[in-house]
Structures are given as structure tokens and as C-alpha cells.
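Coordinate analysis (summary)
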Amino acid sequence: MSETPKIRVVVADDEPLARERIRKLLRGDEEIEVVKECASGKETVDAIRNLRPDLLFLDVQMPELNGFGVLEKLAKEPLPAIVFVTAYDQYALKAFEYFALDYLLKPFDRDRFQKALQRAKSQILLGKQTDISQGILSLIEELRQKPKSVDRLVVKNAGRVFFVKPQDVDWIEADANYVQLHVGRESHLLRETLTALEAQLDPGSFLRIHRSTIVNIDRIKELQPWFHGEYRVILQDGTALLLGRKYREKLRTLIGKTF
């Protein structure tokens, strides 16, 4: 009697500890074989194309190419069964549920993981990946149409996930492919580019004032003339930031005053 083929799994998450947790939860399941762990969106796309796994655990918030970007790259190709691993906002969670797509909301426990795994196994056994693929494409389109501004920022640090409300952020500075969120006396490193984060923030509340700086407009206390047509932006806590000339018009339009 031939041995039943194992379910071939790819785990995609940019956090090593998050990948390790999923791998540990899968350990001991004789029906499962983890064939690849991926730390980036590009690596995930390559793994799906080359390995053709049966099941994908996909982190939504990966830098550069996030989980939805991965699926858009693979839109015209066969997809495995997918369990989204996310700390996303409530709008996206409702969309997951509407399109009958399973997700794990970080942080999740063993019981919730096992429920998602069993559901995925059933999808694979019944060959329902085609229906799931259509749901995923519909989800991407739905999320593309949602308002850009987010109601919380997801910070991942040493395997922990916690949330920062945008309105609590004083200012943001670029740090290579990361950004620093300055929240009162605290600072949080977020794996995101400044340009990508700018697109997610409410343009009525946050303004890019320099190529490396975004500021919460409500935190601005005063503007001080500086050199070469630039200004210093003084925040309520005394922090002094530089307003570049090319961003001056945006601020003038937003506050409705000439300076």
C-alpha cells in the first residue's frame, strides 16, 4: 500500500521567532512537511513558483513586498491553500471572514492554530483551492479600495507584536528601510520605508516636511525661519525639526496660512 503524500508547507514571515513558532506548532504532525521558510515577499514568490507547496502560512505585514503583494505577483498562477498570519486592522479581518479566508491574528494560541490547520487540510483534501484563490483576488481588490489611512501601526520586536495608535505618534524619521516612531519619550522601530508609511497615514493629520521626516500636525507649536528658505518646525515638547523648501507649500496649504 502506497504511503499518503505529505502536505507540503511554506512558512513566510520576516520575523525569525514567528517562523519558529509556526514550525514548532507543526512539529509532530505526520501529515505535514515544511519544505521552505521565507523571510521576505520576493523569497515567498520564488518558493511558491519553484516548490508548488500545498499550504502557505503567509504573514501580511512583510516589508517591501507584503503578503498581498506576494499574491498579486501570483494572481495568474495556481495558489496553495493559504492561512494568513496577521496583526491587521479590523477592516481587513472582516474582509477575510467575508471571503471565507482563514487567518491567524497575532498573538494566537495553539488551539486557534490547530483550527486553522485543520480547515486548511480540509480545503486541500476537497480540492477547493480554486474557490479560495478567487476569494483571495476579491480580498485584494476590496482592500485596495479601502481608505488608505490606518487606525493602528503594528510594531514587531523580538517575536512580540504590539500596536501604536497613529494619533499618539509625535513624529517619524527615516532610518534606511526602517522608520523610528517617536511617541512621547518612547521610540519604536518599524520595518517600513518612510514613503510606504506615508501612504498609510491620514494626510489631514500627518505631513512629510522633509525627505526623512513626517510630523503629526497637531504636535506643531511654531515655525521659525531658518537658512535658505527653510524653516525649523518646533513641536510642543521642544523637538526641533527641519522643514525642507520643497515641502513648504504642502504645509502652507494644509494650515491655510502664508509664511
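A brief look at the structure comes next. (Residues numbered from 1 in each chain as written. Predicted model: local features only at pLDDT ≥ 70, side-chain atom pairs only at ≥ 80, totals over all residues. Heavy atoms only, no water.)

One finds L56, L58 and F84 to be the most contacted residues of the largest nonpolar core, which totals 20 residues. Elements that contribute at least two residues to this core include exactly β1 (7-12), α2 (41-51), β3 (55-59), α3 (67-73) and β4 (81-86). The residues contacting L56, other than those within four sequence positions of it, are V10, A12, T44, I48, P80, A81, I82 and V83. Ranked by size, the runner-up nonpolar core spans 19 residues in total, among them V9, I22, L55 and A81. (Core = buried A, V, L, I, M, F, W, Y, C linked by side-chain atoms within 4.5 Å. Buried < 20%, exposed > 50% of the residue type's maximum accessible area, 1.4 Å probe, protein only. Helix = DSSP H or I, 4+ residues; strand = E, 2+ residues; numbered from the N terminus. Contact = heavy atoms within 4.5 Å.)

What follows is about the pairing of strand β12 (residues 213-216). Side-chain alternation along β12 places T213 and V215 on one buried face and I214 and N216 on a second face that is also buried. Direction of pairing for strand β11 (residues 206-210) relative to β12: antiparallel, over a ladder of four bridges. Looking at the pairing, H210 lines up with T213 of β12. Following β11, the chain reverses through two residues before pairing antiparallel with β12. (Pairing = 2+ DSSP bridges.)

Here the focus is the pattern of salt bridges. Applying the stated criterion across every chain yields a total of 14 salt bridges. The salt bridge partner of R52 is E77, with a shortest N-O separation of 3.7 Å. Of the two residues, R52 sits in the loop between α2 and β3 while E77 sits in the loop between α3 and β4, which places them 25 residues apart along the sequence. Between E198 and R208 there is a salt bridge, with its nearest N and O atoms 3.1 Å apart. On the criterion of sequence distance, the pair formed by E198 in helix α7 (residues 194-198) and R208 in strand β11 is long-range, its members being 10 residues apart. (Salt bridge = Lys/Arg side-chain N within 4 Å of Asp/Glu carboxyl O.)

This part takes up the sheet that holds β4. One open sheet accounts for five strands, arranged β2-β1-β3-β4-β5; its pairing is parallel. If you trace the sheet from one side to the other, it starts and ends with β2 (32-38) and β5 (103-105), each paired once. Mean inter-strand twist for the sheet, computed between neighbouring axes without regard to direction, equals 20°. Relative to β4, β3 is paired through five bridges, and the arrangement is parallel. Paired with D59 across the strands is V85, a residue of β4. (Axes fitted to C-alpha atoms, helices over the stretch in contact; angles between N-to-C directions.)

Sheet architecture is open: three strands sit in the order β13-β14-β15, paired in antiparallel fashion. The outermost strands of the open sheet, each flanked by one partner alone, are β13 (220-225) and β15 (240-243). Averaged over all neighbouring strand pairs, the angle between strand axes comes to 30°, with direction disregarded. Pairing analysis gives four bridges linking strand β14 (residues 231-235) to β15, with the strands arranged antiparallel. Its bridge partner lying in β15, I234 is registered against A240.

Tallied over the entire structure, the rule returns three aromatic pairs. With a centroid separation of 5.3 Å and 15° between ring planes, the pair formed by F57 and F113 is classed as stacked. Within this pair, whereas F57 is found in strand β3, its partner F113 is found in helix α5 (residues 110-126), the two being separated by 56 residues in sequence. The class of F57 is buried, set by a relative accessible area of 0%. Judged by its relative accessible area of 0%, F113 falls in the buried class. Between F108 and F113, the ring centres sit 6.1 Å apart and the planes meet at 20°, which makes this aromatic pair stacked. For the pair shown, F108 and F113 are each scored as buried. (Phe/Tyr/Trp six-rings, centres within 6.5 Å; stacked < 30°, edge-to-face > 60°.)

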